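Working through the structure, step by step
Residues per chain are reported as follows:
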Amino acid sequence: MAVMGRPREFDLHHALDRALDVFWRNGYEGSSVADLTEAMGINPPSLYAAFGNKEGLFRKAIERYVEQHAGFWAEASKAPTARGTVEHLLRATVDFLTAECNPPGCLLVRSSLLCSEAVDHIRQELAARRAEGETSLRERLERAKVDGELPPDLVPADFARYIMTMLEGMSVRAAAGAGREELQKIADMALRTWPVSAA
């Protein structure tokens, strides 16, 4: 006769949110299983049963992070112009990085900086996540170039990389303590470099 497994005795989403906060503040390697289980209010066997291991928990936390905190990327894509898209990304990033309810900085950037060679596969996975945003931005800029919004000699891939560097740089500065006013000035400066089509 089969014995049914015991149901989990914790709220999976709440526990994942608590783990996300630990990873966000400490990075992957800086977050011990003891830190995670204490924050989640569970014991190690429950963590392993639900997520497999710490790496599995981290991947689920990343998915949760993107789901809950990256919505402004989709909103930016709805702007009628490429400049509007980039402006929305810059402004929304400033709001996100300086929100009091969040740890400072972007999890995808902070965790990458804190990865050692021992977990290079984690760093590469985070880089791939960030590359998705860069690809989306490049594709938007390519359409803008075809539409005549951007100069014919502009290389969309290079400009997308420049904007991503601005966004990631703001994250690093936010993690180091930069406030909203400082980051807003960086966003303003980036927008002042917008290439204008001769048309």
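A brief look at the structure comes next. Here the structure is a predicted model, which means the values were calculated and not measured. (Residues numbered from 1 in each chain as written. Predicted model: local features only at pLDDT ≥ 70, side-chain atom pairs only at ≥ 80, totals over all residues. Heavy atoms only, no water.)

Some details on helix α10 (residues 180–192)
Given 3.6 residues per turn, any residue in an α-helix points the same way as the ones three and four places further on. Given a rise of 1.5 Å per residue, 13 residues ought to cover 18 Å, and the 18 Å separating the end C-alpha atoms of α10 matches this to within 8%. Those residues of α10 that sit buried are L183, Q184, A187, A190 and L191. For α10, the arc enclosing every buried residue in end-on projection is 120 degrees, short of the 170-degree limit, so these residues lie on one face. Exposed and oriented more than 90 degrees from the buried face of α10 are E181, K185 and R192. Those residues of α10 that are buried lie in contact with α6 (82–97) and α9 (156–175). (Helix = DSSP H or I, 4+ residues; strand = E, 2+ residues; numbered from the N terminus. Expected span 1.5 Å × (residues − 1). Buried < 20%, exposed > 50% of the residue type's maximum accessible area, 1.4 Å probe, protein only. Arc of directions from axis to C-beta. Contact = heavy atoms within 4.5 Å.)

Details of the pattern of salt bridges
Applying the stated rule across the entire model yields 17 salt bridges. Residue E142 pairs with R138 through a salt bridge whose shortest N-O separation is 2.9 Å. Note that E142 and R138 are positioned in helix α8 (residues 120–146) at a spacing of four residues, about one turn of the helix. Looking at R138, the relative accessible area reads 25%, which means it is partly exposed. In this structure, a network of salt bridges that share partners links the residues R83, E87, R91 and D188. (Salt bridge = Lys/Arg side-chain N within 4 Å of Asp/Glu carboxyl O.)

Points about the layout of surface pockets
Reported here for the largest pocket is a volume of approximately 480 Å³. The wall of the largest pocket is formed by 21 residues, among which A70, W73, L108, R129 and G133 lie closest to the centre. Grouping the amino acids of the lining of the largest pocket by side-chain chemistry returns 12 nonpolar, five polar and four charged. (1 Å grid on protein atoms, 1.4 Å probe; cavity = no way out; pocket = protein on both sides within 12 Å on 5 of 7 lines; lining within 4 Å. Points joined across faces, edges and corners; volume = space filled by probe spheres on them. Nonpolar A, V, L, I, M, F, W, Y, C, P; charged D, E, K, R; others polar.)

Some words on the environment of G30
Position of G30 among the secondary structure elements: in the loop between α1 (12–26) and α2 (33–40). Considered as a pair, G30 and L114 are 84 residues apart in the sequence and their alpha carbons are 7.9 Å apart.

Regarding a nonpolar patch on the surface
On the surface, a nonpolar cluster with roughly 270 Å² of combined accessible area is contributed by L113, L114 and V172. Here V172 shows up in helix α9. (Patch = residues over 30% accessible without salt bridge, like charges linked within 9 Å, V, L, I, M, F, W, Y side chains within 5 Å. Areas by Shrake-Rupley, 256 points an atom, 1.4 Å probe, with all protein chains shown as cover.)

Re the nonpolar core
Core analysis: the biggest nonpolar cluster contains 55 residues, and F23, L36, M40, L57, Y65, L90 and L141 have the highest contact counts within it. Here this core takes eight residues from α6, the largest share from any one element. Sequence-distant contacts of F23, that is, excluding residues within four places in its chain, are made with Y28, S31, L36, K54, L57, F58, A61, L107 and S111. (Core = buried A, V, L, I, M, F, W, Y, C linked by side-chain atoms within 4.5 Å.)

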